[in-house]
Amino acid sequence: MSRRRLAILLSGRGSNFEAICDAIGDGRIPDAAIVAVISDVADAPGLNRAVERGLPAFPIPRGSESRREHERKILTILDSARPDLICLAGYMRLLSPDFVSRYRGRILNIHPALLPKFPGLDVQRRALEAGELESGCTVHFVDEGTDSGPVVLQRRVPILPGDTVETLSARILKEEHRAYPEAIARVLKELPRRT
Ligand code: GRF
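First, a word on what this report is: a plain description of the structure on this page. Everything numeric here is computed off the predicted structure, so don't read it as measured data. Per chain, residues are indexed from 1 in the order of the written sequence. In keeping with the model being predicted, local features are shown solely for residues with a pLDDT of at least 70 and side-chain atom pairs are shown and tallied solely at 80 or more, while totals for entire chains, interfaces and linings include all residues. The basis for the side-chain values is all heavy atoms of the structure; hydrogens and waters are excluded.

On to unusual backbone geometry, then. Negative phi values dominate among residues other than glycine, just as trans dominates among peptide bonds. Here the residue pair L115 and P116 is connected by a cis peptide bond, since its omega of 10° sits within 30 degrees of zero. Mapped onto the secondary structure, P116 falls in the loop between β5 (107–111) and α5 (123–129). Of note, the phi angle at R82 is positive, near 50°, even though the residue is not glycine. In this description a helix means any DSSP run of H or I spanning at least four residues, a strand means any run of E spanning at least two, and both kinds are numbered starting from the N terminus. Along the chain, R82 falls in the loop between α3 (67–81) and β4 (85–88). Under the relative-accessibility criterion, R82 is labelled exposed at 51%. To sort residues, take the accessible area from a 1.4 Å probe on protein chains only and compare it with the maximum for the residue type: under 20% means buried, over 50% means exposed, and anything in between is partly exposed.

All residues in the neighbourhood of the ligand are listed as R13, G14, S15, N16, G90, I110, H111, P112 and E176. Separating an oxygen atom of the ligand from a backbone N or O atom of N16 is a distance of 2.8 Å. Under the rule applied, a polar contact is a pair of N or O atoms within 3.5 Å (in protein, one hydrogen donor and one hydrogen acceptor; residues adjacent in sequence only if both atoms are side-chain atoms). A distance of 2.9 Å is found between a nitrogen atom of the ligand and a backbone nitrogen or oxygen belonging to I110. Listed by contribution, the elements that provide at least two residues to the shell around the ligand are α1 (15–25) and β5. Any residue with a heavy atom lying within 4 Å of a molecule or strand is counted as near it.

Burial within strand β6 (residues 134–141) is extensive, with six of its eight residues counted as buried. By definition, two strands form a pair when at least two bridges between them are found by DSSP. Pairing between β5 and β6: four bridges, direction antiparallel. The residue of β6 that forms the bridge with I110 is V139. Note that β6 and strand β7 (residues 151–158) share seven bridges and pair antiparallel. Each bridged residue has a counterpart across the sheet, and for V139 the counterpart in β7 is L153.

The next point concerns α3. Look at α3: 21 Å from first C-alpha to last across 15 residues, which is about the 21 Å you get at 1.5 Å a residue. Taken residue by residue, α3 has H70, E71, I74, L75, I77, L78 and A81 as its buried positions. Along the axis of α3, the buried positions cluster into a sector of 160°, meaning they face one direction only. In α3, the exposed positions that point more than 90 degrees away from the buried face belong to R68, R72, T76 and S80. Downstream of α3 by a residue or two, R82 has a phi angle that is positive, lying close to 50°. The span you would expect from a helix comes to 1.5 Å times its residue count less one. The arc in question is traced by the directions running from the helix axis to the C-beta atoms.

What follows is the structure, encoded as structure tokens:
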């Protein structure tokens, strides 16, 4: 049977993307391959990592074009890469309803908070400022809202006295790197193959 096809969308560092690659490599995500790594930031470190790993890497900066035109370019790449699953890994743009409906049930995101608490941006700081005693990460399906789709799995971490945005973010990120591959493997198991 052919391998499950993953596409990655990222905008920056790409540590979750690399965690996914490593999990494919050691079998935690069985029988899968990354068929496209797309970034809206041309010099994103994650895109360079993709090139170093010999993966098909596509810089698609937005520039002055409309969201629709920008997404059309991304969709053209995706439509020819034919992914089973699209994994947002630090992709810093909202997807349009058209995009979401074209790949409904086949787009995952990872978010550094325990949704539905703290959707959106700057969430580690917001969790600290709210006096939370714990935080964590959430892998969820993407729908038309902001970080609002069905949850696949969550991992919790404590918030410790003296934590800063940096220390909390690092603690959460470590869990993200375990949670995202586990969630992808779980979703692929249930996901019908594309015909
Ligand atoms: C992660 O914290 C992820 O939860 C959020 O963006 C960050 C991306 O980090 N969506 P990286 O690019 O995967 O290192």
